[in-house]
Amino acid sequence: MTHYLDFEKPLAEIEGKAEELRAMARDNAEMDIEDEARALDRKAATLLKDLYGKLTPWRKCQVARHPERPHCKDYIEALFTEYMPLAGDRGFADDHAVMGGLARFDDTPVVVIGHEKGNDTQSRIERNFGMARPEGYRKAIRLMEMADRFGLPVITLVDTPGAYPGKGAEERGQSEAIARSTEKCLQIGVPLVSVVIGEGGSGGAVAFATANRVAMLEHSVYSVISPEGCASILWKDSDKMREAAEALRLTAQDLLNLGVCDRIIPEPLGGAHRDRAAAFEGVRDALRALLGDLDGMDRAKLVEARRKKFLSMGSKGLAA
């Protein structure tokens with residue numbers, strides 16, 4: 001059963017009517033309703049195109065958080081072969097909000113790391129809704145160090161509302177772990193490519209996305225704070241999240257103009273959840289291109305280029 005967002009309610013009504021007609025026809029073979037159903041399909045397709053042709057930043061946030069949107073685990077299963085998960089930070093525990101390990105991408109050995117939100121109530125609780133604790137970032141550091149040692153490219157898949165702000169996480173050094181992970185991204189002498197597949201929230205996302213190349217799916221978002229959090233701080237009113245989303249410049253299109261991301265990956269009409277296979281192919285093509293850009297660069301050039309990329313960030317200014 002399709003989950004519809006608030007702004008998709010008119011679409012839900014049309015598609016629901018089409019499905020209702022077809023259900024009636026299945027129960028009664030003498031009914032001929034195919035022409036009416038097809039007319040509704042055409043109407044729904046036109047409305048879908050209109051809705052997604054002019055998404056506001058807040059609506060893009062809603063699409064990025066869609067519960068049926070493909071997550072890290074889905075991309076790993078679709079794009080990588082011989083995936084061997086590696087667990088634990090060798091210090092405290094294994095954080096299930098972060099998954100990663102050895103794999104092959106187009107038969108090339110790589111290390112893949114990403115945030116995993118889960119896809120149902122049980123898995124979302126297990127994965128802590130994609131909010132990593134310190135041990136998650138320390139696991140990522142361990143995997144990046146291994147990739148550096150063996151000369152393996154690193155691919156990160158970013159999808160988190162932010163790092164977990166709980167008491168235990170703070171006691172175990174959450175901010176230090178995020179800083180160390182960001183530092184490790186800047187240090188490793190292998191190609192590092194990051195794709196924001198959903199939400200890129202605050203330092204929890206930066207810790208994986210301080211990369212040579214950063215790509216964003218068309219309807220993903222990447223921001224220092226959530227719109228609700230920003231509205232609560234600036235206006236003391238979380239209901240002003242729409243205004244906050246506009247001000248934060250968090251869409252892929254804005255961030256491409258500002259030089260924060262390097263490439264926008266088109267999504268199927270209606271978002272990645274409406275055609276997962278097409279979304280997977282779009283990410284596959286982007287990863288091939290981005291890794292190809294870095295192929296042949298030596299260790300020193302990779303590190304220096306990454307450093308310069310982030311030092312120059314913001315030079316375009318908000319007028320971009």
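Fair warning: this is a prediction, and the values are worked out from it, not measured in the lab. (Residues numbered from 1 in each chain as written. Predicted model: local features only at pLDDT ≥ 70, side-chain atom pairs only at ≥ 80, totals over all residues. Heavy atoms only, no water.)

S.K.: Pulling in residues and values, what's your account of the nonpolar core?
M.R.: Val111, Ile113, Val154, Phe208 and Tyr222 are the most contacted members of the largest nonpolar core, which has 34 residues in total. Put simply, the parts of the chain that give this core at least two residues each are strand 3 (108-115), helix 6 (134-150), strand 4 (154-160), helix 8 (174-187), strand 5 (192-201), helix 9 (202-209), strand 6 (213-217) and helix 12 (252-257). Counting residues per element, this core draws most heavily on helix 6, at 6 residues. Apart from residues lying up to four places away in sequence, Val111 is in contact with Gly101, Leu102, Leu143, Met146, Ala147, Leu152, Pro153, Val154 and Ile155. (Core = buried A, V, L, I, M, F, W, Y, C linked by side-chain atoms within 4.5 Å. Buried < 20%, exposed > 50% of the residue type's maximum accessible area, 1.4 Å probe, protein only. Helix = DSSP H or I, 4+ residues; strand = E, 2+ residues; numbered from the N terminus. Contact = heavy atoms within 4.5 Å.)

S.K.: Could you give an account of the packing of aromatic side chains, naming the residues involved and the relevant values?
M.R.: Taken as a whole and assessed by the stated rule, the structure comprises 4 aromatic pairs. Considering the side-chain rings of Tyr137 and Phe208, the 5.7 Å spacing of their centres and the 65 degrees angle between planes classify their relative orientation as edge-to-face. Remark: Phe208 occurs in helix 9 and Tyr137 occurs in helix 6; sequence separation between them is 71 residues. Residue placement shows Arg133 over the ring face of Tyr164; its charged tip is 4.7 Å from the ring centre. Against the face of Phe310 rests Lys309, its NZ or CZ located 5.8 Å from the ring centre. (Phe/Tyr/Trp six-rings, centres within 6.5 Å; stacked < 30°, edge-to-face > 60°. Lys NZ or Arg CZ within 6 Å of the ring centre and 35° of its normal.)

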